[in-house]
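As a plain string of letters, each chain reads:
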Amino acid sequence: MTVASGQHGHLDVGGFSLGPLWLRVLLLGAVLSTAAFAMLRGFLGEPNRRTTTAVLTATFGAAALELLLSGGLAVPEQTVPLLLAALAVPLYLALSQDPARATMVARARRYALWLFWPAAFLAAVRFGQAWLNGWEPVLLHTGVVFGLVAVAWFTVAKPRKRGVMTSRVGAGLLAVGLVGAVGQAVVTRPAEPTPGLASTTTVTVGTRQANVIVVPNLPGWNLVHVDTSLEIGADPSNLASPTNGWLPVQLPPGRAELWLSDGRDTGSFATNTGTGATALRDLAGPNGQQCANALLGRMLVKGALTGAIECPSAASPPANLTTSDSFQRYEAAHRAAYPSLAPSMAGFQSWLSARESAQSLT
Amino acid sequence: MTSATESRRLLGADGLLNTRYHKPALMIFLVIVIGHWAEHLTQAWQIYVLGWPRPQAGGMLGLAFPVLVKSEWLHYGYAIVMLVALVTLRHGFTGRARTWWNASMWIQVWHHLEHLLLLLQALSGSNLLGKAAPTSVAQLVFPRVELHLFYNAIVFVPMVVAMILHMRPNQQERAQMRCGCAVRAHAIAPA
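**Concerning the overall build of chain B**
And step 1. Of regular secondary structure, chain B possesses nine helices and zero strands.
And step 2. The order of helices and strands in chain B, counted from the N terminus, is α-α-α-α-α-α-α-α-α.
And step 3. Here the analysis covers contacts within chain B between residues at least 6 apart in sequence; of these, 56% occur between residues at least 24 apart.

Below is the structure:
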């Protein structure tokens, strides 16, 4: 029911989340089954319909799992349905028992190797490119999907004598490549957001692209910054407008979903707040924005925040500081950045902290 | 028209659901499908005519019970119910009606796979091609189209055509029918 939101509105699974590990286990199992068939094909007799269907189902399932786990492929998105169709057709050829289509099915299976070789070539090219680019996961995943398409057509192929041995050797080599590539791709998955390190991403909401920052990305109160006028929240039915681009949002421990909406379309992204230190209540207060700046500065210097995390103190700094040039510079910078907020000592301390962080980086 | 030696099984070509109880089973199924449609159309009305924000457009029951709109389990459950009904009741159809019913069934097979993919994404947190939110395959080609409203339409239309043809069969189709769904021959014959 897309009507419910811009993406796909019904995402609630009752707080029940299994994480992606089980998908990776299923992927490895499915690819191993497919590869084992391709490697052993030369040593076994003609597979029956049930075996062929089981192998092709595993191949199709492996490709679907690849699409979920890859984080993107090195092909245009619009070609993905074509790749799925290229995996579904062999399944149809294996299952078809319609006498009216028997001739067409037999002919398609006879010439199936004509699709096996180009797909195997594309897979080999992607594996080679991945090797030359430090085992780039996107290239590996793309090669695996092409390889699965090749193996699917090899599985269903019933060629005449000529070319049989060559295709079996080719499929065996491809199967070895598939197992290695999927193993490598699964362990070099895209990095997850780190708890205590500001999480940044770009979210599509309708036709708009919003750059989002979550500070400090810990359980409890966080400040979320968005660079365009959107409503934000952890609950899609309870969103609020930010002030100066910032909004305090309470996030749960572990995986957390943040929602953005322009009133018509909705987008979301996932972050991981971990289960350790809890974010500060001060972030939800009037000086939260300055505190978030100070925390961002600390993250730039120290990396992820751990242990006892505090906003710069609201206590008055030494008297000479409040009359110094730096306080006047703070007031000027504050008025420019946050015209609706009154300058404060806590804001000044945060401003000083952010400046110290910046100076230590230069 | 029921068989002289009526089966006591519920399912299958000779099963009660495709013979004696085909008509009531189809009626119950139709009520469920129309109810679901009413929810979709109400939601579309709330968004496009009343201008409600999408997260607040919950249809009719969804306003009182938001879980009905939000729960991926419920949506997947409905896709399964649709698929099971289309598969189990197909044997009762004959001729042209069977062709239309099968078309509806195969479209629902794909629609159900799309929901399975969405459920897997919601459960695992791994979205298709690293998208920000769970995404269906067709959304890669047709972004921002009200896909599932469209899916329901292309399942519903051939289903209704099948039911109408099933109620008004030609002679050959009527001879093959083993249920009481057809309107009596004299009721539709020209005077």
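**Some thoughts on the overall build of chain A**
And step 1. When helices and strands are tallied, chain A shows eleven helices and seven strands.
And step 2. A separation of at least 24 residues holds for 69% of the contacts in chain A among residues at least 6 apart in sequence.

**Here we look at the packing of helix α1 (residues 21-40) of chain A against helix α7 (residues 164-187) of chain A**
All names here are of chain A.
And step 1. Across the interface, α1 lies against α7 with an axial gap of 8 Å and an inter-helix angle of 165°. Relative to α7, the element α1 lies roughly antiparallel. Judged by the sense of rotation from one axis to the other, the crossing of α1 with α7 is left-handed. Only Ala 171, Gly 172, Leu 174, Ala 175, Leu 178, Val 179, Val 182 and Val 186 of α7 make contact with α1, whose side of the interface consists of Arg 24, Leu 27, Leu 28, Val 31, Leu 32, Ala 35, Ala 38 and Met 39.
And step 2. Here the residues of the contact of α1 with α7 sort into 14 nonpolar, one polar and one charged.

**Observations concerning the sheet that holds strand β6 (residues 255-261) of chain A**
All names here are of chain A.
And step 1. Strand order in the open sheet formed by three strands is β4-β6-β7, and the pairing between neighbours is antiparallel. Each of the sheet's edge strands pairs with one partner strand only, and the pair in question is β4 (231-233) and β7 (266-272). The sheet shows a mean angle of 20° between the axes of neighbouring strands, taken without regard to direction.
And step 2. As paired strands, β4 and β6 are joined by three bridges and run antiparallel to one another. By the bridge assignment for β6, Gly 233 is matched with Trp 259.

**Looking at the nonpolar core**
And step 1. Grouped together as the largest cluster of nonpolar side chains are 62 residues, with contacts concentrated most on Phe 116, Val 149, Ala 150 and Trp 153 of chain A.
And step 2. For this core, the secondary-structure elements that each account for two or more residues are α1, α2 (49-69), α3 (80-95), α5 (113-132), α6 (137-156) and α7 of chain A together with α5 (95-124) of chain B.
And step 3. Element by element, the count of residues in this core is highest for α6 of chain A, at 14 residues.
And step 4. Apart from residues lying up to four places away in sequence, Trp 153 of chain A is in contact with Pro 90, Ala 112, Leu 115, Phe 116 and Ala 119 of chain A.
And step 5. Ranked by size, the runner-up nonpolar core spans 32 residues in total, among them Leu 230, Ala 292, Leu 295 and Phe 348 of chain A.

**Some points on α5 of chain A**
An α-helix turns once every 3.6 residues. As a result, residues three or four positions apart point the same way.
Residue and element names in this part refer to chain A.
And step 1. Over its 20 residues, α5 extends 28 Å from the first C-alpha to the last, a length consistent with the 28 Å expected when each residue adds 1.5 Å.
And step 2. Looking at the buried positions of α5, the neighbouring elements they touch are α6 and α7.
And step 3. Immediately beyond the C-terminal end of α5, within one or two residues, lies Gly 134, with a positive phi of roughly 60°.

**Quick look at the sheet that holds strand β1 (residues 199-205) of chain A**
Working definition: the strands of a sheet are paired by backbone hydrogen bonds and lie parallel or antiparallel to each other.
Residue and element names in this part refer to chain A.
And step 1. Ordered in space as β1-β2-β3-β5, the four strands form an open sheet in which the pairing is antiparallel. Of all the strands in the sheet, the pair left with one neighbour each is β1 and β5 (246-251). Adjacent strand axes in the sheet meet at a mean angle of 30°, parallel and antiparallel pairs treated alike.
And step 2. Looking at chain direction, strand β2 (residues 208-215) and strand β3 (residues 220-226) are connected through four bridges and run antiparallel. In the strand pairing of β3, Val 212 is matched with Val 226.

**Details of unusual backbone geometry**
All names here are of chain A.
And step 1. For Trp 135, which is not glycine, the phi torsion reads 55° and is therefore positive.
And step 2. Its location among the elements puts Trp 135 in the loop between α5 and α6.
And step 3. Take Trp 135: there are 15 C-beta atoms within 10 Å of it, and that puts it in the partly exposed class.

**Quick notes on the environment of Arg 96 of chain B**
All names here are of chain B.
And step 1. Checked against the element boundaries, Arg 96 lands in helix α5.
And step 2. Classification of Arg 96 as partly exposed rests on a count of 16 C-beta atoms within 10 Å.
And step 3. Counting along the chain gives 66 residues from Arg 96 to Ala 162, while the straight-line C-alpha distance between them is 7.4 Å.
And step 4. When sequence neighbours within four positions are dropped, the list of residues in contact with Arg 96 reads Leu 165 and Glu 173.

**Some remarks on the confidence of the model for chain B**
And step 1. Confidence along chain B averages 83 in pLDDT terms, with 89% of residues attaining 70 or more.
And step 2. Both scores are available for the predicted complex, with the pTM at 0.66 and the ipTM at 0.72.

**Some details on α7 of chain A**
And step 1. End to end, α7 of chain A covers 35 Å across 24 residues, agreeing with the expected 34 Å (1.5 Å per residue, within 8%).
And step 2. The elements touched by buried residues of α7 of chain A are α1, α5 and α6 of chain A.

**Structural notes on the packing of α1 of chain A against α6 of chain A**
Helix-helix packing is characterised by the crossing angle of the two axes and by the distance between the axes.
Residues and elements named next belong to chain A.
And step 1. Remark: α1 packs on α6, axes separated minimally by 10 Å, with the N-to-C direction vectors making an angle of 50°. Taken together, α1 and α6 sit at an angle that is classed as oblique. Pair α1 / α6 crosses with left-handed handedness. Across from Thr 34, Phe 37 and Ala 38 in α1, the residues of α6 making contact are Leu 148, Val 151, Phe 154 and Thr 155.
And step 2. A per-class count over the contact of α1 with α6 returns five nonpolar, two polar and no charged.

**A look at the pairing of β7 of chain A**
All names here are of chain A.
And step 1. For β7, the tally of buried residues reaches five of seven residues, placing the bulk of the element in the interior.
And step 2. Bridge count for β6 against β7 is seven bridges, and the pairing is antiparallel. Counterpart to Ser 261 in the pairing with β7 is Thr 266.

**Examining the pairing of β3 of chain A**
And step 1. Of all seven residues making up β3 of chain A, five are buried, and the element is well covered by its neighbours.
And step 2. Joining the antiparallel neighbours β2 of chain A and β3 of chain A is a turn of four residues, in which Asn 217 of chain A adopts a positive phi near 65°.

**A few points about the environment of Gly 12 of chain B**
Residue and element names in this part refer to chain B.
And step 1. Relative to the helices and strands, Gly 12 resides in the segment before α1 (22-48).
And step 2. Among the residues examined, Gly 12 registers 13 C-beta atoms within 10 Å and is labelled partly exposed.
And step 3. Along the sequence, Gly 12 and Val 87 sit 75 residues apart, while their C-alpha atoms lie 9.7 Å from each other.

Here is what the cut-offs are and how they apply
Throughout this description, residue numbers start from 1 for each chain and increase along the sequence as written. Written order decides the labels, with chains lettered from A and ligands numbered from 1. Residues qualify for local features only when their pLDDT is at least 70, as the model is predicted, and side-chain atom pairs are given and counted only at 80 or more; totals for whole chains, interfaces and linings, by contrast, use all residues. Comment: elements are numbered from the N terminus, with helices defined as DSSP H or I runs of at least four residues and strands as E runs of at least two. Any pair of residues counts as being in contact when their C-beta atoms, constructed from backbone geometry, are within 7 Å of one another. Orientation is described by lines fitted to C-alpha atoms, with helices fitted over the stretch in contact, and by angles between N-to-C directions that extend from 0 to 180 degrees. In these notes the angle categories are as follows: under 35 degrees is roughly parallel, over 145 is roughly antiparallel, 65 to 115 is roughly perpendicular, and the rest is oblique. Left-handed describes a crossing in which the near helix is turned anticlockwise from the far one by less than a right angle; the clockwise case is right-handed. Put simply, Ala, Val, Leu, Ile, Met, Phe, Trp, Tyr, Cys and Pro go in the nonpolar bin, Asp, Glu, Lys and Arg in the charged bin, and everything else, Gly too, in the polar bin. Criterion used throughout: strands pair if DSSP finds at least two bridges between them. Residues enter a nonpolar core if they are buried, belong to Ala, Val, Leu, Ile, Met, Phe, Trp, Tyr or Cys, and are joined to the set through C-beta atoms within 7 Å. Here the C-beta atoms are placed from the backbone, and a residue counts as buried if at least 20 other C-beta atoms lie within 10 Å of its own, exposed if 12 or fewer do, and partly exposed otherwise. One less than the residue count of a helix, multiplied by 1.5 Å, gives the span that helix is expected to have. For every residue, the pLDDT score states the predictor's confidence, bounded by 0 at the bottom and 100 at the top.

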